[in-house]
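These are the residues of each chain, in order.
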Amino acid sequence: MDKKGKILLVDDNEDILFALNALLLPHVEKVKATTIPDKIEKFIEDYQPDVILLDMNFQRDTVSGKEGFFWLDRILIADPQ
């Protein structure tokens, strides 16, 4: 069975990224991960992920989800599809 699809993981918790990578990699073509949301647009341009799994709360703001929505808006600007 050919594995298809590329996933970008964005989370400030490296343990979460490690676990997600281990869980997803057997099922998809590639998985990339970053703890730095500022790199999302570069990853979209260079890597062209099919799916982005985005943490909603980063270090500055741990409960409201505002940072996640900010980055979601940036993702949709970089790639409306």
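Structure's up top.
Just so it is clear, the model here is predicted, and its values are computed rather than measured. (Residues numbered from 1 in each chain as written. Predicted model: local features only at pLDDT ≥ 70, side-chain atom pairs only at ≥ 80, totals over all residues. Heavy atoms only, no water.)

Asks: Could you clarify how one ought to interpret the layout of surface pockets in this entry?
Replies: Here the idea is plain: a probe the size of a water molecule rolls over the atoms and shows the empty space left. The calculated volume of the largest pocket comes to roughly 190 Å³. Tallying contributions element by element places helix α3 (residues 66–78) first for the lining of the largest pocket, with 3 residues. (1 Å grid on protein atoms, 1.4 Å probe; cavity = no way out; pocket = protein on both sides within 12 Å on 5 of 7 lines; lining within 4 Å. Points joined across faces, edges and corners; volume = space filled by probe spheres on them. Helix = DSSP H or I, 4+ residues; strand = E, 2+ residues; numbered from the N terminus.)

Asks: Quick question: what am I supposed to make of the packing of aromatic side chains here?
Replies: Aromatic ring pairs are defined here through the distance separating the ring centres and the angle between the ring planes. For the coordinates displayed, the defined rule picks out 1 aromatic pair. Here K6 stacks its cationic end above the ring of Y47, 5.4 Å away from the centre of that ring. (Phe/Tyr/Trp six-rings, centres within 6.5 Å; stacked < 30°, edge-to-face > 60°. Lys NZ or Arg CZ within 6 Å of the ring centre and 35° of its normal.)

Asks: Looking at this structure, how should I read the pattern of salt bridges?
Replies: Where charged atoms from two side chains of opposite charge approach closely, those side chains can pair. Enumeration according to the criterion identifies 2 salt bridges in this entry. Put simply, E41 and R74 hold a salt bridge, and the shortest N to O gap is 2.7 Å. Residue E41 is found in helix α2 (residues 40–47), and its partner R74 is found in helix α3; the two are separated by 33 residues along the sequence. (Salt bridge = Lys/Arg side-chain N within 4 Å of Asp/Glu carboxyl O.)

Asks: Got a minute to help me understand the environment of I52 in this structure?
Replies: Its place among the elements puts I52 in strand β3 (residues 51–54). Along the sequence, I52 and A33 sit 19 residues apart, while their C-alpha atoms lie 9.7 Å from each other. In this structure I52 touches L8, V10, I44 and I75, once residues within four positions along its chain are discounted. (Contact = heavy atoms within 4.5 Å.)

On their own, these measurements won't tell you what the molecule is for.
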